[in-house]
Amino acid sequence: MTPDLTTTYLGLRLRSPIVASSSPLTGKLDSLLELEQHGIGAAVLPSLFEEQIEHEQIDVHELLEHATHSFGEAVTWFPELEDYATGPELYLEHLAQAKAALEIPVIASLNGASPGGWLRYARRCEEAGADALELNVYAVEADAEVSGAAVEARTAGLVREVREAVSIPLAVKVGPFYSAFAHMAAQLEAAGADGLVLFNRFLQPDIDLETLEISPWLALSTPAELRLPLRWIAILRGRVGLSLAGTSGVHDWEGALKLLLAGADIAMVASAALARGPAVVEDIVDGIRAWMTEREYESVEQLKGSMSQASCPDPAAFERGNYMRALVSYAPGAGTGSGISESR
Ligand SMILES: Cc1cc2nc3c(=O)[nH]c(=O)nc-3n(C[C@H](O)[C@H](O)[C@H](O)COP(=O)(O)O)c2cc1C
């Protein structure tokens, strides 16, 4: 019997648990179609950024101001802000085109950190046909006056605002740097999120020793990065009622399958498809199907979460208990004994 690969994410029934996360590949219709042909269950469009929206508004306001001063009555014949084919407008156009061209659900993405007018684009995305919205709260909290509690409250406030503005399902993509992540997840659920996307990868600037400039650093992920979402998805499955998506480090079917076993509803792919092309999705889906067939799993729903902390025989493995054990049992090379005595 062929295993059933369908999964439910944010209340949407997806044909496959592999989803294309935000990347340049989802920003173009031809690569979106290719990703669909190769078996993704849904696609998340690249983010529309707070800065993009606010910047456009400032530009257009300046244009209007200028026109008003130059032509007196000009403002009466200037079109409304909404009529401009500006960055955000192009985004909505891409969204509408993607919806028309694809059969799978299309998820729009808004990226920002502070409350503001940009959030009204959540509603615009819904109106343009988005099946769901991903709110990416990407922030580097560098203000020594702002506490973690304040950051959490602000983030939950953003989610609440978007929740009130739209009726489509809402996922929130966050970074891992909250001191009590499980509590944060529960707060996001209380604020109205339907799902969490774990985790944002932060740009980590580098210093160029030749030019003494700070260079932005954007590298594709490595499979080792899977471990962070893997742990947190395993911990959260069963503790919150949210849909869970794993992103970061999914490069092969093994990685995707591990996320599902830990409790993810979907595994997201960006770097692997950027590096090896959309066909990598098919390898991942085929690999999962073959493993399930061999192990006689009938459906993805059946295996989802079977290795989560709540279900697995060694719950301590996901928490501090495993730390000491791992350190003590470390054996450099083929040798045995503790790393400390070996390195002396
Ligand atoms: C070139 C590039 C562009 C990206 N653009 C976005 C974006 O616009 N919004 C977003 O939420 N994530 C964006 N991401 C992050 C990915 O969606 C994904 O979460 C991250 O790369 C980790 O997954 P991966 O290991 O499969 O790459 C981008 C990643 C890359 C590599």
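See the structure above.
Calculation rules
Residues numbered from 1 in each chain as written. Predicted model: local features only at pLDDT ≥ 70, side-chain atom pairs only at ≥ 80, totals over all residues. Heavy atoms only, no water. 1 Å grid on protein atoms, 1.4 Å probe; cavity = no way out; pocket = protein on both sides within 12 Å on 5 of 7 lines; lining within 4 Å. Points joined across faces, edges and corners; volume = space filled by probe spheres on them. Helix = DSSP H or I, 4+ residues; strand = E, 2+ residues; numbered from the N terminus. Nonpolar A, V, L, I, M, F, W, Y, C, P; charged D, E, K, R; others polar. Buried < 20%, exposed > 50% of the residue type's maximum accessible area, 1.4 Å probe, protein only. Contact = heavy atoms within 4.5 Å. Salt bridge = Lys/Arg side-chain N within 4 Å of Asp/Glu carboxyl O. Expected span 1.5 Å × (residues − 1). Arc of directions from axis to C-beta. Phe/Tyr/Trp six-rings, centres within 6.5 Å; stacked < 30°, edge-to-face > 60°. Near = heavy atom within 4 Å. Polar contact = N/O pair within 3.5 Å; in protein donor to acceptor, adjacent residues only side chain to side chain. Areas by Shrake-Rupley, 256 points an atom, 1.4 Å probe, with all protein chains shown as cover. Sits in = over half its atoms within 2 Å of the grid points.

## Some thoughts on the layout of surface pockets
Move 1: Looking at the largest pocket, its volume works out to about 840 Å³.
Move 2: Lining the largest pocket are 35 residues, with S22, K173, N200, R201 and L218 positioned closest to its centre.
Move 3: Of all the secondary-structure elements, those providing two or more residues to the lining of the largest pocket are β4 (42-49), α2 (50-71), β5 (106-112), β12 (266-269) and α10 (271-276).
Move 4: Space inside the second largest pocket adds up to approximately 260 Å³.
Move 5: A139, E141, V151, F177 and Y178 are, among the 15 residues lining the second largest pocket, the residues nearest its centre.
Move 6: No other element matches helix α6 (residues 148-165), which puts 5 residues into the lining of the second largest pocket.
Move 7: Looking at side-chain class alone, the lining of the second largest pocket contains 7 nonpolar, 5 polar and 3 charged residues.

## Quick look at helix α8 (residues 227-236)
Move 1: Listed in full, the buried residues belonging to α8 are P229, L230, I233, A234, I235 and L236.
Move 2: Where the residues of α8 are buried, they touch α7 (181-190), β8 (195-198), β11 (243-246) and α9 (253-262).
Move 3: Phi for G238, located one or two positions after α8, is positive at around 100°.

## Quick notes on the pattern of salt bridges
Move 1: In the structure shown here, the tally under the stated rule is 12 salt bridges.
Move 2: Between K99 and D131 there is a salt bridge; the shortest N-O distance is 2.9 Å. Taken together, the residues span a long stretch of sequence, with K99 in helix α4 (residues 87-101) and D131 in the loop between α5 (121-127) and β6 (132-137) at a distance of 32 residues.

## Quick notes on helix α11 (residues 280-295)
Move 1: With 16 residues, α11 should cover 22 Å at 1.5 Å per step; its first-to-last C-alpha distance of 23 Å lies within 8% of that length.
Move 2: Among all positions in α11, only V280, V281, I284, V285, G287, I288, W291 and M292 are buried. Here the buried residues of α11 occupy an arc of 160° about the axis, which is enough to place them on one side.
Move 3: Here the buried face of α11 lies against β3 (18-20), α1 (29-37), α9, β12, α10 and α12 (300-303).
Move 4: Just past α11, the residue E296 takes up positive phi, approximately 60°.

## So, the packing of aromatic side chains
Move 1: Taken as a whole, this structure holds 4 aromatic pairs when the rule is applied.
Move 2: Here Y178 and F181 contribute two aromatic rings whose centre-to-centre distance is 6.0 Å and whose plane-to-plane angle is 55°, an arrangement assigned as tilted.
Move 3: Under the relative-accessibility criterion, Y178 is labelled buried at 15%.
Move 4: A centroid spacing of 5.2 Å and a plane angle of 80° characterise the contact between F181 and F199, whose relative ring orientation is edge-to-face. Here the residue F181 occupies a position in helix α7, and F199 occupies one in the loop between β8 and β9 (206-208), the gap between them amounting to 18 residues.
Move 5: Note on F181: relative accessible area 2%, which makes it buried.

## A short note on the site of the ligand
Move 1: In the region of the ligand, 19 residues are neighbours, and S22, S47, N136, S221 and S271 sit closest.
Move 2: The separation between an oxygen atom of the ligand and a polar main-chain atom of S22 is 2.6 Å.
Move 3: Separating an oxygen atom of the ligand from a side-chain N or O atom of K173 is a distance of 2.8 Å.
Move 4: Out of a free accessible area of 610 Å², the ligand has 87% covered by protein chains.
Move 5: Of all the cavities here, the one that holds the ligand is the largest pocket.
Move 6: Contributing elements (two or more residues each) for the shell around the ligand: β4 and α10.
Move 7: Of the residues forming the shell around the ligand, the biggest block, 3 residues, is contributed by β4.
Move 8: Class assignment of the residues belonging to the shell around the ligand gives a composition of 8 nonpolar, 9 polar and 2 charged.

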